[in-house]
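Results of the structural survey
Now for the letters of each chain:
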Amino acid sequence: MMHPQTDRLATLCCDAADKAADGENFVSMKRLVEFFGVELRAQPLLYEGMVAEPRTKGDKWVVMVDSHSSGYDVRKYEQESSTNALPPRVRFTIAHELGHVLQLRNEEALGPTTRTTKRGAAAKVEKQLERGADSLSPLLLISENGIERLCEDAKSPLGIAQIIQARARWAVSREVIVHRFGLLSKYDPSGFKHRPALRDMALGLGEWSDTPTAARVSAWPRAFCNFAENLVPEFLRVDTTSKENLSTVFRSPAFVLNGGEQIWDEAEVFAGTASNPRAEKVRIRLAVEQSRSLKKKFLFVAERLPVANCASAIA
């Protein structure tokens, strides 16, 4: 669970996203900015984005994005849709800065801020505010109603194709969609974790290393893991993430991570908890977004297979 005060900001973000989303649950930046009652400006900056507080009582908060490097396009902003969206990076930047607006408007929910903290502690507080805005922005970019629509008719865990399609429809980065589902571990008012679409599965990011068959789980954002009894497969555990080559776990030469064409493979792996990391063996099907570009990240879905499919499972 989130801290109650942070939980309140998360609730405000989810409400804003649902109200700013269109009939296809796409959250346009213009509607989101208007919902917050702020002004958006694109101008040369030293940073990707920043916010300015009102100088007088009648002024608006201002969100600014860098006009040179952000990819901001005023025509797309005015008529943005899922098929004509701003680049995911500038959408994230705007949402991140709106998160700061929400933080600063609700300082009593945050405790000390850089404006009320002595100089020596300001850097630490600023880092906390940045992390907080990073966690609020996915809630603004992907609405509760959008996740509801994605999960509502599913009788089994979501597949990689559904996740890829949702990411394109929501116009968000791979990092944002993984982070958004990961936040369900802390904030899940609709109980999505208990839906068949998200049970006994994980959603995460993989990344290629320096050879065509050296892929591993990305350390950030942490994969969303939602397995029965909290038995997390060993290759997804935080202490092993980014260390283990996935090809040593999923070994089929037909698998795309091993140079083949097949986007999925199955393996029997240990799973457990922090106190008992190798509690039992389970069978996992790993499906990945097909991409062989070195240094490029890719989405994956890991599904725990039913006992009937685990003939070789070891107690």
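Scoring rules and cut-offs
Residues numbered from 1 in each chain as written. Predicted model: local features only at pLDDT ≥ 70, side-chain atom pairs only at ≥ 80, totals over all residues. Heavy atoms only, no water. Salt bridge = Lys/Arg side-chain N within 4 Å of Asp/Glu carboxyl O. Buried < 20%, exposed > 50% of the residue type's maximum accessible area, 1.4 Å probe, protein only. Axes fitted to C-alpha atoms, helices over the stretch in contact; angles between N-to-C directions. Helix = DSSP H or I, 4+ residues; strand = E, 2+ residues; numbered from the N terminus. Parallel < 35°, antiparallel > 145°, perpendicular 65-115°, else oblique. Left-handed = near helix turned anticlockwise from the far one by under 90°. Contact = heavy atoms within 4.5 Å. Nonpolar A, V, L, I, M, F, W, Y, C, P; charged D, E, K, R; others polar. Pairing = 2+ DSSP bridges.

Per the stated rule, a full pass over the model turns up 17 salt bridges. The salt bridge partner of E207 is R216, with a shortest N-O separation of 3.4 Å. Residue E207 is classed as buried on the basis of its relative accessible area, which comes to 16%. In this structure, E280 and R304 form a salt bridge, with 3.0 Å as the shortest nitrogen-oxygen distance.

A word on the packing of helix α6 (residues 144–151) against helix α7 (residues 160–170). Two elements in contact, α6 and α7, have axes separated by 12 Å at closest approach and are oriented at 150°. By the criterion of interaxial angle, the relationship of α6 to α7 is roughly antiparallel. Crossing of α6 against α7: the hand is right-handed. Here G146, I147 and L150 of α6 come into contact with α7, specifically with Q162, A166, R169 and W170. Split by residue class, the contact of α6 with α7 holds 4 nonpolar, 2 polar and 1 charged.

This brings us to the sheet that holds strand β3 (residues 62–66). Here we have 3 strands laid out as an open sheet, ordered β1-β3-β2, and mixed in their pairing. Only two strands of the sheet have a single partner each, and these edge strands are β1 (39–43) and β2 (49–52). The average undirected angle you get between the axes of adjacent strands in this sheet is 25°. Of the strand pairs in this sheet, β1 and β3 are connected by 5 bridges, and their pairing is parallel. Of the residues in β3, the one forming a bridge with L40 is V63. Here helix α4 (residues 88–105) sits on the sheet in contact with β1, β2 and β3, set at roughly 30° to β2.

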